[in-house]
Amino acid sequence: MGRQRPGKTPANPANAGDAPTGGPVAGTYPVDTGTCELVPDQFDPQGWILMVNGVHSSHIDLADPRRLDFEYMRWIAALVDTHWAADAKLRALHLGGAACSMARYFAAGFPNARQVVVELDGRLAELVRAWFDLPRAPLMRLRVGEAREVTETLHDDSRDLVIRDVFAGAKTPERLTTVEFTAQAARVLAPGGLYIINCGDTPDLRGARREAAAVCRVFAHTAVVADPAMLKGRRYGNMIIAGSDAPFAGHPSLPRTLLGGGVPAHLWDDAQVRAFAAGTRPLTDDQAT
């Protein structure tokens, strides 16, 4: 996930030297937006957890890029895997980079893919490049920049997939949730492309309804993936909201795939998403802070 700049870097971070060049090394490191911490996964000798300013941001399995530890990432992967064949020349834009878990996953699953990962924090991008064996250009480019500014520079119909996974702390910056920004994402998508967002919200689901309303305003077809407790407003968590100019036909195995894993999830179709967003005004640029 990406971040906004919260303030001054702590005065005495541990391991404040240059990034290691021989792979990941546990410790706390200063980055442009504060600090990041690299923690070994106690259940997997090849696994690493990246925390940014105290928030779990990414999990990497050095031995298996197709292993996604975060449930919401598995839900995104299921939507994409059932939308395109493995030999597709997928052009993907990731807004929010961190350890590039999703980009590694798609590089392994779609060998013809060309991906750009946008990360706000330049120092974090340097560390991630040094720690992990990321695909190199043209397979994957890691671009330092602010998600909206980068998106607005892109050509029409230049991407097949746009994934927005940008957070400042526990919230996505409002300027990335508006109708106008959603329209920018739609503009850069080629026909049949997918816009997928990771929406984190509290049990009242006010933010999720507003985000769903924005996606419904811009796209002809929508879908939502989340676990039942989240959909019923019983807990804080992640909701995946997707939009496209083409119907979400999906694969017959998609519902079964989503029900698997540690946190089973449900898939809402367009009618359910629009019912969920009904009566909610989407955020616009003049309202965003």
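Residues numbered from 1 in each chain as written. Predicted model: local features only at pLDDT ≥ 70, side-chain atom pairs only at ≥ 80, totals over all residues. Heavy atoms only, no water.

Participant: I tried to follow unusual backbone geometry on my own but got confused; where do I start?
Facilitator: Peptide bonds are, in most cases, trans, and in most cases residues other than glycine have a negative phi. Between A137 and the following residue, P138, the backbone shows a cis peptide bond with an omega angle of 10 degrees. Mapped onto the elements, P138 comes out in the loop between helix 3 (122–131) and strand 7 (140–144). Positive phi is not limited to glycine here, since N53 has a value of about 50 degrees. Within the secondary structure layout, N53 lies in the loop between strand 3 (47–52) and strand 4 (55–61). Residue classification places N53 among the partly exposed positions, given a relative accessible area of 33%. (Helix = DSSP H or I, 4+ residues; strand = E, 2+ residues; numbered from the N terminus. Buried < 20%, exposed > 50% of the residue type's maximum accessible area, 1.4 Å probe, protein only.)

Participant: Help me understand the sheet that holds strand 1 (residues 27–31), please; the structure alone is not making it clear to me.
Facilitator: Strand pairing within a sheet occurs via backbone hydrogen bonds; the two strands may be parallel or antiparallel. In spatial order, the strands read 1-2-3-4; together these four strands make up an open sheet with antiparallel pairing. Strands with a single pairing partner mark the edges of an open sheet, and in this sheet they are strand 1 and strand 4. Put simply, the sheet's adjacent strands are angled 25 degrees from each other on average, direction ignored. In terms of strand pairing, strand 3 meets strand 4 through six bridges, oriented antiparallel. Bridge pairing in strand 4 links I49 to H59. (Pairing = 2+ DSSP bridges. Axes fitted to C-alpha atoms, helices over the stretch in contact; angles between N-to-C directions.)

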